[in-house]
There are 2 protein chains.
Amino acid sequence: MPRKGEMKLGVFVNQAGYSEGAWRDPSTPVNGSIEVDHYARVAAVAESAAFHFLFLADHLGSVEQGQASVARESGNAGLEPITLLAALTARTQNIGLVATATTTYNQPYHLARMFASLDHLSRGRAAWNVVTSASKFEAPNFGETELPDHDTRYARASEFVKVVTALWDSWEDDAFIRDKQSGIFADSTKLHVPNHQGKYFSVRGPLNVARPPQGYPVLVQAGASAAGTRLAAELAEVVFTAAPDVEYGKKYYDSIKEKARAVGREDNQVLVMPGIIPIVGRTKQEASDKLQRIQSYAHIDVQISLAERMLDVDLSSIDLDSLVPATLPTTNIFQSRQTVLLELAARHKFTWRQLIRFVADGRGHRIIVGTPDEIAENMVDTFNQSAADGFNVMSATLPGEFMEFVELVIPELRRRGKYRSAYAGQTLRENLGLMRPLNRFTQASR
Amino acid sequence: MPRKGEMKLGVFVNQAGYSEGAWRDPSTPVNGSIEVDHYARVAAVAESAAFHFLFLADHLGSVEQGQASVARESGNAGLEPITLLAALTARTQNIGLVATATTTYNQPYHLARMFASLDHLSRGRAAWNVVTSASKFEAPNFGETELPDHDTRYARASEFVKVVTALWDSWEDDAFIRDKQSGIFADSTKLHVPNHQGKYFSVRGPLNVARPPQGYPVLVQAGASAAGTRLAAELAEVVFTAAPDVEYGKKYYDSIKEKARAVGREDNQVLVMPGIIPIVGRTKQEASDKLQRIQSYAHIDVQISLAERMLDVDLSSIDLDSLVPATLPTTNIFQSRQTVLLELAARHKFTWRQLIRFVADGRGHRIIVGTPDEIAENMVDTFNQSAADGFNVMSATLPGEFMEFVELVIPELRRRGKYRSAYAGQTLRENLGLMRPLNRFTQASR
Ligand SMILES: Cc1cc2nc3c(=O)[nH]c(=O)nc-3n(C[C@H](O)[C@H](O)[C@H](O)COP(=O)(O)O)c2cc1C
Ligand SMILES: Cc1cc2nc3c(=O)[nH]c(=O)nc-3n(C[C@H](O)[C@H](O)[C@H](O)COP(=O)(O)O)c2cc1C
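Residues numbered from 1 in each chain as written. Chains lettered and ligands numbered in written order. Predicted model: local features only at pLDDT ≥ 70, side-chain atom pairs only at ≥ 80, totals over all residues. Heavy atoms only, no water.

A. Quick look at the relation of the copies chain A and chain B. The two copies are related by a screw operation: chain A maps onto chain B through 180° of rotation and 0.0 Å of translation along the axis, at an RMSD of 0.0 Å. Taken together, the rotation and translation relating the two chain copies correspond to the operation of a two-fold axis. By C-alpha distance to the rotation axis, the residue of chain A lying nearest is A:Ala87, at 2.0 Å. (Least-squares fit on C-alpha atoms with pLDDT ≥ 70 in both.)

Quick look at the structure:
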């Protein structure tokens, strides 16, 4: 059944591309991960196709700790997302800029300020992907021995975001009068000191940055356990998720919308956007050859190391040709990903080797290998079934595979009336159809 | 006596300009403080004159707390310095980018990463101005009730910078091989895990960013008490300071160089660059008229509030026409500034009103009011007397007064052979004549 409206699209920018080993592809620039020009090129391709946003993940650590694969890991030479996106504000015009930042090892005042600044610099195109960290390699960089408890992380996240939005509301939109004649810079009745005192934070405020152009930068969230879904329903305007297939995606989509409705939020104000990894070929054969080529880049050590991290399991003494068990000890780290991958492995009766391969290809995100027509059809079908409001496109190589997607798949989506051909507004909120939040204090005085 | 070489110049970018009330000048853009175009314009003027760097101060709070002057304060609507400079990397080619960041309310891993990223984005033009905070308005934004003790702040700062440089050394310069053929991304023998365990921080590392192009971004420092000077001698490559006159400047300059020599550092690797506020007129009369006009912008409430903050004193019940006393209770906040201002007031027998005026004009920095010839002569003389290796130019209005300086004073400096006409190198280090630090681990293995 066709569904009204158009899908939203983001592009996930992961250095040389999303597939493990993408940096080895002849098409990817050798120093791409630290070259702003590489990212600017991806951004230009995305803007030419009116993509809604660039998406940058984040990790506050390295993956070398006790890993045999350290020499083959490519994740240790990147750039910090907020500074990178700030640089890209000057090289882009319309596209949204999503930076991931964890609430587990940050302070609300700093993040409120950075994102407010990014929103001003980009004239309303900033977004914050709120995460709670899912790696054991970060805590030791912040004076802690272990990743804090899963529930504690989410409780802290919820309070963290409340503090940040209160700081963004410190000054009403029209608080700064800047009347040169009288010398009155601010209307002091429009200053509201948050004075937050909570379980995890005590932050007086106010922020020393004017309210962001979007009111708040768009709030994105990624984290799909029960606790993660609760946080999403509470505050996320875009939910990024890993849905390995449509069945899973549909279930997840419905649960998010239902929980959001339960707290009084409108369906179209909580956009669910799973990742997809499109492997595009002009023919089926070309597509599957391409997949094979890309798969050949990831050394088995790197694949194993990645799977160990995603599943929180030690594979060193496991027979890789044995079946994946139905359950593993519950993890404190990346709960949702462990659940999704085990469920998938059970459904397909995967051996460890097969699951490791699946994780290396896309870490749990859905891979669609096919012709432009097939990929577009698949996306439209997922959209029509209300299993997604759009997608975060995680091209296997950058800019190569992404250019193919834009050149070949985007026209197919447009032909089906499911994707726009130009930007609708200036801000990311306008482009996503999201309301601009009223300042809580302005609201109160009405 | 003439001195060999040329002076270094930075431009201090403080929203609408350095004078209190600069935003009221007809020439300053109304929304300048939050408009990246405003900053880009200043940067373009600075690059056209081959300035060494743009300098951004920072403050992690607002000045509204219990201040009568809140409506007239202009400091509450700015941008965060690191994001702002990241945006400017794309709009500048050669100029250095100095961001101030405090060690008192940050974590070394975050700052190491941000500055490394900024150095990559700018291809080696980043610098970090290390400060320890000097305001009572920040602590409550970070869960603390009071600014930590002066000595504690400096002890933390010293350890903080050690951790940051160790993180920058995590990977040797040539650690990332990126051999597509073999799949070896990094030479794992060139990875060095800092594993820092100290009094204030425990940070394992390594950083997940490649070693910055400059090895380390240039280390700038501002803080001029005994403890501040010790820190400067230990690690600063550029020292920013407030020297209200040449006598004070000379004493300070000598003490920094001497302390640096005592720890084995070369004179030309520790550049002392005081601020100056040039008020340029084509005639003497034009210059003094201009000063008067600029002074008229700062309301007395704002002037008093600023002086109270700089001196850590409550002026509400003091007769402003009485003489400033020789001493005040020692402050925990901005020790060096209190000392400098009291010394100056004593020498000139200032009343409170006069001192307040002086603080409003330049917060303790030297003001030079005169013709281009007089200003250039004055600067060259200070340089020749070895009271400065260069200056941080703190124009009263931006871009207006700064354009005047570039148009009228720079040619005079050049005529005297004391200022260059083009960039000498690509990186800020090259332009400042600073050595590129060897990686400590590379060094050790030689
Ligand atoms: C699709 C997706 C993307 C994520 N991206 C990041 C990331 O870039 N950085 C990060 O620290 N955590 C990331 N996370 C993890 C979240 O931080 C989340 O807090 C973590 O998975 C634990 O919560 P969960 O079990 O609810 O998923 C991501 C999670 C999902 C589902
Ligand atoms: C010229 C100068 C500029 C400074 N700029 C800043 C600044 O932008 N932000 C800040 O937090 N502190 C700044 N400081 C203060 C330093 O943080 C310093 O740690 C503080 O003054 C207390 O140390 P002191 O008594 O040694 O000067 C500055 C200090 C000086 C001397």
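Now, onward.
B. How the structure looks around the site of ligand 2. Residue and element names in this part refer to chain B. Neighbouring ligand 2 are 23 residues, the closest being Asp58, Thr132, Tyr154, Ser225 and Ser336. At the level of elements, α4 (150-168), β10 (238-241) and α9 (335-348) are the ones that each hand at least two residues to the shell around ligand 2. Its residues placed into classes, the shell around ligand 2 shows 10 nonpolar, 10 polar and three charged. (Near = heavy atom within 4 Å. Helix = DSSP H or I, 4+ residues; strand = E, 2+ residues; numbered from the N terminus. Nonpolar A, V, L, I, M, F, W, Y, C, P; charged D, E, K, R; others polar.)

C. The arrangement of the packing of aromatic side chains in detail. Summed over the entire model, instances satisfying the criterion amount to 39 aromatic pairs over all chains. Ring geometry for A:Phe12 and A:Phe240: centres 5.9 Å apart, planes at 40°, overall tilted. Taken together, the residues span a long stretch of sequence, with A:Phe12 in strand β1 (residues 8-12) and A:Phe240 in strand β10 (residues 238-241) at a distance of 228 residues. Here the two residues A:Phe12 and A:Phe240 agree in accessibility, since each one is buried. An aromatic cluster of at least three residues, connected via ring pairs, comprises B:Phe115, B:Trp128, B:Phe160, B:Trp168, B:Phe201 and B:Tyr216. The ring of A:Phe383 has A:Arg3 sitting right over it, with the charged end atom 4.1 Å from the ring centre. (Phe/Tyr/Trp six-rings, centres within 6.5 Å; stacked < 30°, edge-to-face > 60°. Buried < 20%, exposed > 50% of the residue type's maximum accessible area, 1.4 Å probe, protein only. Lys NZ or Arg CZ within 6 Å of the ring centre and 35° of its normal.)

D. Just the nonpolar core, in detail. Judged by nonpolar contacts, the single largest core of 187 residues is most densely connected at A:Phe51 and B:Phe51. Ranked by size, the runner-up nonpolar core spans 23 residues in total, among them A:Val131, A:Ile279, A:Ala396 and A:Leu432. (Core = buried A, V, L, I, M, F, W, Y, C linked by side-chain atoms within 4.5 Å.)

E. Looking closely at unusual backbone geometry. All names here are of chain B. With omega at -5°, the peptide bond leading from Gly205 into Pro206 counts as cis. Tracing the backbone through its elements, the reader meets Pro206 in the loop between β8 (202-203) and β9 (218-222). Following Leu398, the chain continues into Pro399 via a peptide bond in cis, with omega recorded as -5°. Counting through the fold element by element, Pro399 comes out in the loop between β13 (390-393) and α12 (400-415). Even without being a glycine, Ala50 presents a positive backbone phi close to 55°. With respect to the element layout, Ala50 can be found in the loop between α1 (36-48) and β2 (53-56). The exposure class assigned to Ala50 is buried, which follows from its relative accessible area of 3%.

F. Up close: the site of ligand 1. All names here are of chain A. In the vicinity of ligand 1 lie 23 residues, with Asp58, Thr132, Tyr154, Ser225 and Ser336 positioned nearest. One of the side-chain N or O atoms of Ser225 is found 2.5 Å from an oxygen atom in ligand 1. Gln335 is positioned with one of its backbone polar atoms (N or O) 3.0 Å from an oxygen atom of ligand 1. The fraction of the free accessible surface of ligand 1 (590 Å²) that becomes covered by protein chains is 94%. For the shell around ligand 1, the secondary-structure elements that each account for two or more residues are α4 (150-168), β10 and α9 (335-348). Looking at the shell around ligand 1 residue by residue, the class counts come to 10 nonpolar, 10 polar and three charged. (Polar contact = N/O pair within 3.5 Å; in protein donor to acceptor, adjacent residues only side chain to side chain. Areas by Shrake-Rupley, 256 points an atom, 1.4 Å probe, with all protein chains shown as cover.)

G. Focus on the pairing of β13(B). Residue and element names in this part refer to chain B. Both faces of β13 are covered, namely the face carrying Gly390 and Asn392 and the face carrying Phe391 and Val393. Of the strand pairs in this sheet, strand β1 (residues 8-12) and β13 are connected by four bridges, and their pairing is parallel. Bridging across to β13, Val11 finds its partner in Val393. Sheet analysis places strand β11 (residues 271-280) next to β13, joined by two bridges and oriented parallel. Counterpart to Gly275 in the pairing with β13 is Asn392. (Pairing = 2+ DSSP bridges.)

H. Representation of the packing of α9(B) against helix α10 (residues 352-362) of chain B in the model. All names here are of chain B. Where α9 contacts α10, the axes come no closer than 11 Å and their chain directions differ by 130°. With respect to their mutual orientation, α9 and α10 come out oblique. Relative to α10, the crossing made by α9 is right-handed. Across from Leu341, Leu344 and Ala345 in α9, the residues of α10 making contact are Leu355, Phe358 and Val359. Classifying every residue of the contact of α9 with α10 gives six nonpolar, no polar and no charged. (Axes fitted to C-alpha atoms, helices over the stretch in contact; angles between N-to-C directions. Parallel < 35°, antiparallel > 145°, perpendicular 65-115°, else oblique. Left-handed = near helix turned anticlockwise from the far one by under 90°. Contact = heavy atoms within 4.5 Å.)

I. Seen up close, the interface of chain A and chain B. Taken residue by residue, the interface counts 77 residues in chain A and 77 residues in chain B. Interface of chain A and chain B: buried area, both sides summed, is about 6600 Å²; carbon and sulfur atoms make up 57% of it. Between chain A and chain B we count six salt bridges in total. As a salt-bridge pair, A:Asp37 and B:Arg123 come within 3.2 Å of each other at their nearest N and O atoms. Across the chain A-chain B interface, the total number found is 50 residue pairs in polar contact (both at pLDDT 80 or more). Of all the elements in the fold, those that place two or more residues in the side of chain A that touches chain B are α1 (36-48), α2 (81-89), α3 (108-121), β5 (176-179), β6 (184-186) and β8 (202-203) of chain A. Across the side of chain A that touches chain B, the residue classes tally to 34 nonpolar, 27 polar and 16 charged. (Buried area = accessible area lost by both parts, 1.4 Å probe. Salt bridge = Lys/Arg side-chain N within 4 Å of Asp/Glu carboxyl O.)

J. Structural context of the environment of A:Thr165. Residue and element names in this part refer to chain A. Note on placement: Thr165 falls in helix α4. Overall, the relative accessible area of 9% leaves Thr165 in the buried class. Placed 46 residues apart in sequence, Thr165 and Arg211 show a C-alpha to C-alpha distance of 9.9 Å. For Thr165, the residues in contact, after removing those within four places along its chain, are Tyr216, Leu219 and Arg440. At 3.1 Å, the side chain of Thr165 and the backbone oxygen of Lys162 are in polar contact.

K. Molecular detail of the environment of B:Leu207. Turning to its location among the elements, B:Leu207 is positioned in the loop between β8 and β9. Sequence spacing of B:Leu207 and B:Ala260 is 53 residues, and the spatial spacing of their C-alpha atoms is 29 Å. Excluding residues within four positions of it along the chain, B:Leu207 makes contact with A:Ser62, A:Asn76, B:Tyr109, B:Ala112, B:Arg113, B:Ala116, B:Leu167, B:Trp168, B:Ser170 and B:Trp171.

L. View of helix α7 (residues 284-295) of chain A. Residue and element names in this part refer to chain A. Relative to the 16 Å expected for 12 residues at 1.5 Å per residue, α7 spans 17 Å between its end C-alpha atoms, a close match to the ideal helical length. Buried within α7 we find Ala287, Lys290, Leu291, Ile294 and Gln295. Buried residues along α7 cover an arc of 130° about the axis, so they all sit on one side. (Expected span 1.5 Å × (residues − 1). Arc of directions from axis to C-beta.)

M. Quick peek at the side chain of B:His150. Structurally, the position occupied by B:His150 is in helix α4. Discounting residues that sit within four places of it in the chain, B:His150 has contacts with B:Ser225, B:Ala227, B:Asn332, B:Ile333 and B:Gln335.

N. Looking closely at the pattern of salt bridges. Throughout the structure, instances matching the rule amount to 68 salt bridges over all chains. The partner of A:Arg293 in a salt bridge is A:Asp25, with the nearest N and O atoms 2.9 Å apart. One end of the pair, A:Arg293, is in helix α7; the other, A:Asp25, is in the loop between β1 and α1, and 268 residues separate them in sequence. Note on A:Arg293: relative accessible area 38%, which makes it partly exposed. Overall, the relative accessible area of 2% leaves A:Asp25 in the buried class. A salt bridge links B:Arg113 to A:Asp58, with the shortest nitrogen-to-oxygen separation between them at 2.5 Å. Taken as a pair, B:Arg113 in helix α3 (residues 108-121) and A:Asp58 in the loop between β2 (53-56) and α2 lie in two separate chains rather than in one. The class for B:Arg113 is buried, based on a relative accessible area of 4%. What makes A:Asp58 partly exposed here is its relative accessible area of 26%. Each of the salt bridges in this network shares a partner with another, and the network as a whole consists of A:Arg282, A:Glu286, A:Lys290, A:Glu401, A:Glu404 and A:Glu407.

O. How the structure looks around the packing of α2(A) against α3(A). All names here are of chain A. With their axes 9 Å apart at the nearest point, α2 and α3 run at an angle of 15° to one another. Here α2 lies roughly parallel to α3, going by the angle between them. Here α2 and α3 pass one another in a crossing that is left-handed. Between α2, through Ile82, Leu85, Ala86 and Thr89, and α3, the contact on the second element is made entirely by Leu111, Met114, Phe115, Leu118 and Leu121. A per-class count over the contact of α2 with α3 returns eight nonpolar, one polar and no charged.

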